[in-house]
Structure formats: structure tokens, C-alpha cells
Amino acid sequence: MEALISLIIGVLTACGVYLSLRGRTFPVVLGLTFLSYAANLFLLAMGRLVIGAPPIMADGMTGYTDPLPQALVLTAIVISFAMTAFVVVLALKTYKELGNDHVDGIHKP
Amino acid sequence: MNLLFIVLMPFIGAPFAAAISRFGRLHAAWMAGAVALFAIILLIPGLIDVFAGQVLIQRLSWIPTAGLDLAFRLDGLGLLFALLILGIGLLIILYARYYLSAQDDMGRFYAYLLLFMGAMLGIVLSENIIQLLIFWELTSLSSFLLISYWQHRHESRSGARLALTITGAGGLALLGGCLLLGEITGSYELSVILESGDIIRAHPFYQPMLILILLGAFTKSAQFPFHFWLPNAMAAPTPVSAYLHSATMVKAGVFLLARLFPALSGTVEWFWLVSVTGLITLLVGAYIALWKHDLKGLLAYSTISHLGLITLLFGIGTPMAAVAAVFHIINHAIFKASLFMATGIIDHETGTRDMRRLRGLWRFMPHTALLTIVAAAAMAGVPLLNGFLSKEMFFAETLHAIDQSWGWLMPAGATLAGIFAVAYSLRFIHNVFFDGPPVDLPKKPHEPPRWMKIPVEILVVLCLVVGMLPALTVEPILTIAAASVLHEPVPEHDLAIWHGFSPAFWMSVIAMLGGVLVYFGFSTFLSLRTHAGDWPEMRAVYHRLLEGLFLVCQFFTRLLHIDSLQRMVFVFILFAVLLGAANFLTGEAAVLTGDRELLTIDGVSLIIALIMMAAAMSTVLLHQQRFVSLIMIGTVGLGVALIFAKFSAPDLALTQLSVEVVTIMLMLLALYFLPQYTPVESKPFRRSRDLLLAVLAGGGVASLVWAVLTRPYETIADYFITHSVPEGGGRNVVNVILVDFRGYDTLGEITVMALAGLGIYAMLEHLQLKGPSHDSLKRPWDEDKHPLIMASLTRVLLPLALLVAVFILLRGHNLPGGGFIAGLITAVALITQYLANGIGWTQTRLPINMHIVIAIGLLLAAMTGVASWLFGYPFLTSAFGHLDWPLVGEFELASAMAFDLGVYLVVVGVTLLIMVNLGMVHSESHFVKSDHKIR
């Protein structure tokens, strides 16, 4: 299972990097989304993979998974939504003002 | 008496002065006057102790770990300066009320003036030198505001900028000096520093420390070669000049020399650095002052010259010289403040300050003329006036090294400066009030309003009284002030007017006669009146240096800044990959796989993983077709949620799921306005290069994760798990961490979120975009904008969805859920209404201003934190208890729930603000007029 998760995170990172290197705003936004998926999974993985032991205190439960990375990731998800929204709107604004959606603000036909 | 309160009074009064001026022009003046008067009254109880020779020290713990206390000190020197600052300040407040015109914003003026007054009081009453430094910088900042008060004038802005740059740079040097001083003595407290003069002077750091501190003092006191900011600061309103350049701002530098005199003086370095700087400044200032046509320019250079005189006296370093320096500080403050105010009156009543046009004003304003003549005579050092006394003491002190080689240079220079001082004072009197009729004045001159002259009259009377009866008036305060400068009893001195035919007397005579000769000689033979009045200014050098600095900065910027995001991102990732690889390959434990026990793969997980990876790669492959790639990435996001659910993170799964929905909706909305296809632009080489980098980065991250996952680790989570229920009162540890243990972080995060939302709102304001009329396959959009089935269904679903949200919010402390998730669910439920029924329809039924929702949420979260202060606990300590509700049963109530409610409101507010405003960007949107914007 650990190998599979490593592979998934690797693939997500690779997709994110490739799309972030594109020249138009929309693919770059997608790339950033990929990177935040990868980063969130990466953070979760720092607490190791544990199945069936959510950090919710219950009678009879003995082990719990590490709650700390989860708390980190939870806010990271919400913040990355706000940031994605910011970047998307910035992309809209520049598209309107510059007449093209190139990340460098220059139209390269 | 509370020294802290005296210093804080003006700072507290400033915003009130600004606010109160809305209700009447003069209210601000009354407010400022009341503050200054009250501060003086507060100071009175301290007078008795200080005159009895005591030093009052009051301290409050500030940052004890850094050795910083808020410590205030009232001794003779501090008292003298505090009285000057407040007393002259009070006169300036009265004067400015008549000086400012109807167009000038009174509230702003008095608020700035009070800020400055508070900063100056802070300097002179500080015991801790770091604290002194903070007030020092505050004077630079508030004087910037005062000098640039007439913001519409170019010379005001540039003069203020110049003053800020020079004094700010000096402040930086002073900071270095103070830190060194603290290093040498092991304390930042003046009481310690002033006692350890011998240690300081013997220390190897003495020279650099002295130079840095002197740089601070000299820049502030406009000493050569930093003097040029002062004449340029004359662009300020005249009351500001009168205040800054007589009793306060520029005196801060000499105050520092006086304050640290026992600790720093008495060495060869001190003597040469301070006295030579002072002598040059004295001469340069006095000479240039004579040639200025602008009255304020003349006074500015005269101020520079007098500051040089004071500096020179401190440089000479004998006890008597220090007494003379303190005496001249008092006298200069009195006559220079009155002269500036008189200049303001002349400017106010004639419309000009140009001495080529001002002549013969005696006939039009004899009262003002008389006052001005007395003050100017004091400046020249005419007997029976205060300036004479300190100037003669100064002449006497320059003679103390006469028997050394070149020892004659100092008295010669002093006499020469005295000649010019008499000459420019005489020019001020003769040129302005006599010498024929005025030339082409903009206004017909007449006497100013009665009350405008009162401050000048008070100061001029002081000039006379101090000049004639020094022992009865100024002697007591001078003695205690000089004693605290010297840190030892003041030497025997005699403030008499007549000392017999001493050398100093003859120097005074030479200065007086020479000055008269020079003025009339120059105005006859060198045509003082037609001289261009320009002098090679240090300002030009300063601008050269500044331009050079900018050029260097531009050079480096061009060198380092690549003008393309694509290339910068490439370089950034490339270096991250290289650094990671290099560290791994050269590290000691270059073993990838650890020895932790691994989980087995089950079939369902494998299938989901394969789907996710396939979707991710298709997103990249099909990214030119934007709509398709968006659907694909949605699949990936859902896969991520499933991974969270699988690995014991139900909270994350719920959050990811709801965020995914909102994010995809957001991107769909944005995509509507953007091109539907991405053109293929980059060459195959570039694409393969990027692909290679992407694969390397992905491979690196994958191996990193693998390396981590196969190794055991130590966690600090046990603390949270064991303390969650007893201290946080919640069973859901993730939620307890968010709202309790690390509640401060969460508060920061929702603040960032609120800011992002407001930023988006600002960007979308007035943004109108045309959406396409056809989709990418040339099919027109459906005419039916709000399908009936969807509209009806969403209305039924809304209460249910809200119920779920409330349920998730309430149970969040004990079961998966909480403010973030509940907020997102609510937002999705409401956005669905907008989607199905249109913005206008929903808006009329949900007329809520989202800005207010966000603000209430933030406030609620912050107040929950503050509430724990009231019970004596640290910020955001959770309190909880169990309530027995009838019918419902036992119910737990934690203060963290209020915090979570705040989080909930912020999330709902921000999400709706973003989505709804984005939805209204469409210029032809149905139902909604463009001005009907959601706030």
C-alpha cells in the first residue's frame, strides 16, 4: 500500500509540475491544484498510513492515527481553495485587461 | 505622577484631535491645547523632587526576556526638555490656530503635531536607550508627516522625504551605536550607562560605537555635512518649522549629546569629532544664512549655525562648556521659536517671505516689528537679551585651549561666526522693517489678529527677562539640567551681564562691530540683495548618491530577475530537484527503503489508485481541451477524498469532498469566460524538457514519500490524544487541535481566507466580461436558464442541506465535522440556489451582506480567544461544561464551539462572496443589473 501511495503522490506531483510550466493561466491553475493534492497527501503520509483508527476518542479503541498532520491538512485544503479562487480571479482579470491569458502577460501567437 | 501617562497622553489625544475636527474647525486646536496643558500639569508634582536633586525612575515590565523594560526617567535635563517641548508646543498650538487657513485640515495638523510631541517627550523621558531609540524613530516619522503636511506641494513632499531619509539613516546608525553601548555596559538603562563612563571609554568598541551614535545625533541636529535636510524642511507650514527647528526635532540630536555626555565625553576622539563638526557647522551655517533671501531660509541656516555652536560646546567638553551648551539650548529655543512665528506672521500678512520684496514693514506692522527686532537682537547676542549671556559664555569657553598650537583657531572661528550672526540678524531687521518702501507685495500688509501675536510676545518677554535677570529666572532650572548633564555638581558660575573687560567681552565687541560693518559693507559693495542666493548644496551630492544607488539596484534586479514566469518556475523547480537529489546522494543514509512493516494492497484500493492516476495523466494529456481536463481533475480530487477516508482521516475526506465541489464549480464559472482551448505553443523540445523535469520531480517526491513511509517515527501526537478530552472537552482530536490547542493558527488561517475573499471582491469590482454565446462545439446555450425541475428540487433540498450543515457543525467537537466542513456544505447548498434560480431571485430572498458575515465570524473567533483572558487564562483557552437539557438529555457546551461558529461564518461568507461575485461578472447576466452587486 505504501508503494501505491508513493506512486500516486509522485504522479500527482509530476502532473502538477508539468502543467505549472505551461504558458497559459488555466493549465497553470490546474497544475497548482495538482500540486496541492500532492502536498496534502504528502502531509497526511507523514503520519504514516493507518487503516481504521481515526483520531476520534472512543471507548474500547486502543490506537489512533496521528491527528497532527490531519489538522494541518484540513486547514491547508480550505486555504488552498481560497488561493485557487484568488489565482483564478486574477487570471480572469488579466485576461480582461491584457486581452490574452498568457502567464507572462505577453501575447505570443 | 506617572511619566508613562505623560508620554502617552499626546498619542492618545492625536486620534481624538483628528476625529473631533469634523464637528468644528477649531475643536482640534482646543483638544491639542488641552492635552499639552494637562501634560504640563501632570509634570508639576515631579518638579519638586527633581529640583531637590532626585532622579525619578519608573518602570514597567515590557519584554523581560530581552532585558527590555518600559522605563522612564525624569531628571533635570529631561525636565528642562519636557518643559520646552510642552511649553513651546502649547504656544505653537495657539499660534497655528490662527496661521492655518480655511482650506487646511485642522484635525490632521493637530493630530500630527500631538504625535510628534509624544515622540519627543518619549525621547527626553526615556530611561532605556532602546526605548529612546523607538521614540527617536517616531519623531522622524511624525516629522515626515508634519513637513509634508501640504501634500499637494512638490517641495513639501520632497523636503519631507529628504528629512526622513537623512534622519532615518542616522537612526539606523544610532541603533547600531546603542546596541554596542548595551554590549559594552551590559545594560540598556541610562542609570547604568551614565555610571560606567570609564569602562565605556576604555573599551575596544568605543570608537565604532561613538561614531555610530554621533552619526545619529549629527543627522538629527543637522550638523555639517548632513545639514541640508533642514533648509528643505522649510517647506513645512511655519508653525511646524517653529516647533521642529527651535525646541524639538533638531534639539533631539544635541539632547543625545547632553544625555550621554558623562558616558562618552572626555576623550580625544570625542573632542575632535564633536568640536570640529560643531565649528564647521557653526561657520557654514552663519555664512550661508547671510545670503538667503527667503526669511525662513535665513532662519534655517541660522538654526544650523546655532546647533553647531551647541555641538561645539559639548565637544569642548569642560564642565563650564556643558553649562553654556544647556543655557544656549534654552535661549535658542526661545528666540528661534519667536522668530519663526514672526516670520509666519509676516508671510501671512504680506504673502511673501522674499527679502528682495519685503522692505519698510515698520510703518505697516510696528507691533510685530518691535517683537521681531527684540528676538533678532537676542539671536545676534545683543546685551540685555538672553542670547548675549550664553554667547559670551561660549566665547569664553572657546579660549580654554588657546595655549595649544592652533588653539587660536577656535576663538577666531567663533568670533567670525559671531560677526556673521550679527550680520544676518541685522539683515533680518534692517531689510524687512526699514530700507525703503516694500516692492510689489501680494497683499497689503497689516497687523495680524491679536491672539496670533500672544505666543510671540510671551517668548520675547522671556528673552528680555532671562537676559536681564538671569539669576532669578533661568538659574534654577539651568543648574539642575546642567547637573544631570555633567552627572556631578555644577561648577561655580556667574550669570551676570557684566564680567569686566574679559577676552570674551572683546570678542563680543568685535562680533558686534564686525557684523554691522559686514552687513552694510556687503549690501553696499557685494549687492547682497541681488546675489542669486544659491550655494553649492550637499543636496546635489545626496541626489547623485541616491541615483547611483538606484542604478546599482537596477543592475542587480536585471541580473537576477527573469522576465518570464515560465522560466522562473522552471529554474525554481530544477533547483529544488537538484538540491534534493544532491542531499540524498551525498547524505550518509543513502538507503531508500526503511524497515517498517508495510500494509498489503487490496483490490479496491488498487482499482481506485489506477483510476486516479489514469485521470491525472489524462488531465495532462488532454489539457488543451480545458473543459475535459476540468472533469478529469475532478475525478482526481474525489480520489484524494477516498484516500483520506481510507487512511483514518474522516474529517479530511469530508473537507476534501466539499472543497472539490466548490472548486470545480468555481473553475467552471471562470472557464465560461476564458478561451475553451489552450493553443499548442511550446516546441517539442521544450515539452520534452518540461516532461523530463516533471518526471524527475515526481520521482523525487515519490521516493521521498516511500523513504518516509517505510521508516518508523516518533510523534508528539500523544500529548494531543491524551489531553483532548480532559482539557479540550472534545473527542474529535483533529477538531480539538484546530479550535483549541492550535486555535491561534486557525484564527490566522481564517484571517488569510477572509483577506483572500476581500481581495477577490476588489479584483472583481467593475469587472465585466462577455461570455461566449456558443459552446465549444458551436451549439448555442440553452434558452431555459433555470430549469424547473432543478429549481424546484433545490428549494426542497435547501432546508435539508442546512440541517446537515448544522448537524455537522454541532457534532464537530466529538465526531467528524466542524466549522470548516459545515461552512462548505452550507456554501454549496446556497450556491446551488444561485445556480438554479439566478442571482437576482436568490438575492432578494437572501439579502445578507457577506462582508458583515465574514467580519462577524472573525470577531466571534477572536472574541472567544479574548474571553479566556477575562478568566485569567492564555488566549483561546477552551472552557467546557455539560448541560442537562430537558428532553434532549446531556449536552456538552464548549467555548470552542463559539470559535468553530466563527470559522463556519468566515468559510460561508468567503465562499459565497467569491462565487456570487464571480457569477455576476457576466455583463449580460439575466435578472441582475450591473449596479446590483452583492456586497
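See above for the structure.
Residues numbered from 1 in each chain as written. Chains lettered and ligands numbered in written order. Predicted model: local features only at pLDDT ≥ 70, side-chain atom pairs only at ≥ 80, totals over all residues. Heavy atoms only, no water.

Chemist: Looking at this structure, I do not really get the interface of chain B and chain A. What am I missing?
Modeler: It is common to report an interface's size as the accessible area lost on association of the parts. Each partner contributes to the interface: chain B provides 105 residues, whereas chain A provides 80 residues. For the pairing of chain B and chain A, the buried interface totals around 8700 Å² over both sides, and the portion due to carbon and sulfur atoms is 79%. Broken down residue by residue, the surface that chain B buries against chain A is led by B:Gln566, B:Phe647 and B:Met763, which jointly contribute 8%. Across the contact surface, chain B and chain A share three salt bridges. A breakdown of the residues in the side of chain B that touches chain A according to their chemical character gives 70 nonpolar, 21 polar and 14 charged. (Contact = heavy atoms within 4.5 Å. Buried area = accessible area lost by both parts, 1.4 Å probe. Salt bridge = Lys/Arg side-chain N within 4 Å of Asp/Glu carboxyl O. Nonpolar A, V, L, I, M, F, W, Y, C, P; charged D, E, K, R; others polar.)

Chemist: Hey, could you run me through unusual backbone geometry in this one?
Modeler: Leave glycine aside and you will find that most residues have negative phi; peptide bonds, for their part, are mostly trans. Residue and element names in this part refer to chain B. In this structure, Pro225 follows Phe224 across a cis peptide bond, with omega equal to 0°. Here Pro225 shows up in the loop between helix H9 (206–220) and helix H10 (229–232). With a phi close to 55°, Ala222 is a non-glycine residue in the positive phi region. Among the secondary structure elements, Ala222 is positioned in the loop between H9 and H10. Residue Ala222 is classed as buried on the basis of its relative accessible area, which comes to 0%. (Helix = DSSP H or I, 4+ residues; strand = E, 2+ residues; numbered from the N terminus. Buried < 20%, exposed > 50% of the residue type's maximum accessible area, 1.4 Å probe, protein only.)

Chemist: What's the story with the pattern of salt bridges in this structure? I'm lost.
Modeler: A side chain of one charge can pair with a side chain of the opposite charge if their charged atoms are brought near each other. Residues and elements named next belong to chain B. Taken as a whole and assessed by the stated rule, the structure comprises 17 salt bridges over all chains. A salt bridge links Arg259 to Asp75; its shortest N-O distance comes to 2.2 Å. A residue pair is termed long-range when its members are at least 10 positions apart, and Arg259 in helix H12 (residues 249–259) and Asp75 in the loop between strand S2 (68–74) and helix H3 (76–99) qualify at 184 residues. Asp75 shares its class with Arg259; the two are buried. For Asp745, the salt bridge identified is with Arg742, shortest N-O distance 3.0 Å. Using a relative accessible area of 42% as the deciding quantity, one classes Arg742 as partly exposed.

Chemist: How should I be thinking about the packing of helix H26 (residues 603–621) of chain B against helix H27 (residues 626–646) of chain B in this particular structure?
Modeler: Helices that pack against each other are described as a pair by the angle of their axes relative to one another and the distance between those axes. Residue and element names in this part refer to chain B. Packing of H26 against H27 leaves a shortest axis separation of 8 Å and a crossing angle of 150°. As far as their axial angle goes, H27 and H26 are roughly antiparallel. H26 and H27 meet at a crossing whose hand is left-handed. Facing Ser605, Ile608, Ile611, Met612, Ala615, Ala616, Ser618 and Thr619 of H26, the residues of H27 in contact are Ser629, Met632, Ile633, Thr635, Val636, Gly639, Val640, Leu642, Ile643 and Lys646. Across the contact of H26 with H27, the residue classes tally to eleven nonpolar, six polar and one charged. (Axes fitted to C-alpha atoms, helices over the stretch in contact; angles between N-to-C directions. Parallel < 35°, antiparallel > 145°, perpendicular 65-115°, else oblique. Left-handed = near helix turned anticlockwise from the far one by under 90°.)

Chemist: It is not clear to me how a nonpolar patch on the surface should be interpreted in this structure. Could you clarify?
Modeler: Among the surface-exposed residues, B:Phe5, B:Leu8, B:Ile12, B:Phe16, B:Leu37, B:Phe38, B:Ile41 and B:Ile44 lie close enough to one another that they form a single nonpolar patch of about 710 Å² accessible area. With respect to the element layout, B:Phe38 can be found in helix H2 (residues 27–51). (Patch = residues over 30% accessible without salt bridge, like charges linked within 9 Å, V, L, I, M, F, W, Y side chains within 5 Å. Areas by Shrake-Rupley, 256 points an atom, 1.4 Å probe, with all protein chains shown as cover.)

Chemist: Explain empty space enclosed by the protein to me, please; I cannot follow it from the model alone.
Modeler: Once rolled over the atoms, a probe with the size of a water molecule shows which space is left empty. The full count for this structure, using the stated rule, is seven cavities of 30 Å³ or more. In this model, the largest cavity occupies a volume close to 100 Å³. Elements represented by at least two residues in the lining of the largest cavity include exactly helix H2 (25–46) and helix H3 (67–98) of chain A together with helix H28 (650–673) of chain B. (1 Å grid on protein atoms, 1.4 Å probe; cavity = no way out; pocket = protein on both sides within 12 Å on 5 of 7 lines; lining within 4 Å. Points joined across faces, edges and corners; volume = space filled by probe spheres on them.)

Chemist: Help me out: how do you make sense of the layout of surface pockets in this one?
Modeler: When its volume is computed, the largest pocket comes out at roughly 1500 Å³. Together, 41 residues line the largest pocket, and B:Leu668, B:Leu669, B:Tyr672, B:Trp781 and B:Leu835 are the ones closest to its centre. For the lining of the largest pocket, the secondary structure elements donating two or more residues are H27, H28, helix H34 (819–837) and helix H37 (895–919) of chain B. For the lining of the largest pocket, the element with the most residues is H28(B), which contributes six residues. A class-by-class count of the residues in the lining of the largest pocket yields 21 nonpolar, twelve polar and eight charged. Approximately 600 Å³ is the volume found for the second largest pocket. Along its surface, the second largest pocket is lined by 23 residues, and B:Gly580, B:Ala581, B:Gly700, B:Val701 and B:Leu704 are the ones closest to its centre. Counting residues per element, the ones that place at least two in the lining of the second largest pocket are helix H1 (2–20) of chain A together with helix H25 (565–586) and helix H29 (684–709) of chain B.

What is shown is where atoms sit, not what they do.
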